[in-house]
Protein chains: 2
Amino acid sequence: MLSQSVEYALRAVCFLAERAPEPQTTGQIAKVTKVPPAYLSKILQQLGRSGIVRSQRGVNGGMALMKSSEELTILEVVNAVDPMQRIRECPLGLASHGVRLCPLHRRLDDAMAMVEHAFHATTLADILAEPSESIPLCNFPGPKAVKKR
Amino acid sequence: MLSQSVEYALRAVCFLAERAPEPQTTGQIAKVTKVPPAYLSKILQQLGRSGIVRSQRGVNGGMALMKSSEELTILEVVNAVDPMQRIRECPLGLASHGVRLCPLHRRLDDAMAMVEHAFHATTLADILAEPSESIPLCNFPGPKAVKKR
DNA sequence: GGAAAAGTGGATATTGACATCCACTATTGG
DNA sequence: CCAATAGTGGATGTCAATATCCACTTTTCC
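These numbers were taken from a predicted model, which means no experiment stands behind them.

*Asks:* When you look at the side chain of A:Asp109 in this model, what are you seeing that I'm missing?
*Replies:* Residues and elements named next belong to chain A. When you line up the elements, Asp109 lands in helix H5 (residues 103-120). Within polar-contact distance, the side chain of Asp109 engages the backbone nitrogen of Ile87 at 2.8 Å. Here Asp109 is in contact with Arg86, Ile87 and Leu101, once residues within four sequence places are set aside.

*Asks:* How do you make sense of the protein's contact with DNA strand C when you look at a structure like this?
*Replies:* Close to DNA strand C lie 28 residues, the nearest being A:Tyr8, A:Pro36, A:Arg57, B:Lys42 and B:Arg57. Among the atoms of DNA strand C close to the protein, meaning within 4 Å, 64% are from sugar or phosphate groups. At a separation of 2.9 Å, a phosphate oxygen of DNA strand C approaches a polar backbone atom of A:Gln4. For DNA strand C, a sugar or linking oxygen lies 2.8 Å from a polar atom in the side chain of B:Arg57. Broken down by secondary-structure element, the contributors of at least two residues to the surface near DNA strand C are helix H1 (4-19) and helix H3 (37-49) of chain A together with helix H3 (37-49), strand S1 (53-56) and strand S2 (62-65) of chain B. When the residues that make up the surface near DNA strand C are grouped by side-chain class, the tally is 7 nonpolar, 17 polar and 4 charged.

*Asks:* Any chance you could explain the pattern of salt bridges here in plain terms?
*Replies:* When the charged atoms of two side chains lie near each other, side chains of opposite charge can form a pair. Overall, the coordinates contain 12 salt bridges over all chains when judged by the stated rule. Between B:Glu76 and B:Lys67 there is a salt bridge, with its nearest N and O atoms 2.5 Å apart. B:Glu116 is paired through a salt bridge with B:Arg86; the nearest N and O atoms lie 2.5 Å apart. Here B:Arg86 lies in the loop between helix H4 (74-81) and helix H5 (103-120) and B:Glu116 lies in helix H5, a separation of 30 residues in the sequence. The structure contains a network of salt bridges with shared partners spanning A:Arg86, A:Arg106, A:Asp109, A:Asp110 and A:Glu116.

Reading guide: rules and limits
- Residues numbered from 1 in each chain as written.
- Chains lettered and ligands numbered in written order.
- Predicted model: local features only at pLDDT ≥ 70, side-chain atom pairs only at ≥ 80, totals over all residues.
- Heavy atoms only, no water.
- Helix = DSSP H or I, 4+ residues; strand = E, 2+ residues; numbered from the N terminus.
- Polar contact = N/O pair within 3.5 Å; in protein donor to acceptor, adjacent residues only side chain to side chain.
- Contact = heavy atoms within 4.5 Å.
- Near = heavy atom within 4 Å.
- Nonpolar A, V, L, I, M, F, W, Y, C, P; charged D, E, K, R; others polar.
- Salt bridge = Lys/Arg side-chain N within 4 Å of Asp/Glu carboxyl O.

Here you go:
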């Protein structure tokens, strides 16, 4: 239901949030998040254009978040990469009198609205604040495990 | 967020529910729902294999619902054409210890669960029972408007 | 039985999402 | 300055979703 690109973007942003404010190279992110490096590079560019990450070229450069994890919502990341397409008018183009949708499309759009709201209500901090899971499953090695450089 | 095929399938099923139990030809459905006829044909075949519609060849044949609109949910139609893909295990393949997802994927899957639930809770009858909208927008000409044959 | 109506299945475009590659530019550290 | 590091942009490849076409089968009606 979500595109692969969104999945990749969220993985990358989670990782960056965890390591913030240190920039991480595309290669590092790709390795940890298991995303194809060349493709991840494109996605990070999109996130850059949307002001979610900034890039730093050269030695010791990489990608870093532009916002604190408290301020960055899942929705922002989703919309940067693959914007949620709400149904704003009748897809059949029938008498598009302003806002009203037929019962079918009303319900479909309601479902999307629920998702949009849930994504808007969740910040990266919310996600990082859950290290409670006993099994690390899907968790990247935490900051303590990182060798300093 | 939903595929084009799902959108088409739901339009077709709505129309069939409205006209039930009279079968409607693919051509008729395509015209009213503004779906490419040849493509709609494929989608109706899928709905047939899932037991949602039955087909009748020959003169006065067509497609008809196998269930009453009270018994047919949106979710069934969606799953027949483009099954909801819940996240059942870690997409990174990390230590897929049974059920637990990381916080990120847990939330993504929760969102899908919400949608799935909403779709499961809505029947075609629920949709047809809303002719209250003053402006017909997206509504097919009602049964009364149909010429008998 | 034969003609018309209607669905079926297979072959074939077309398009956009996903993915890769590479030459180029910018930055840093020595 | 220069060599290594790292991101950028453009060209290209691959594949599944979307869409079309057509020969064939089934069914009905006369």
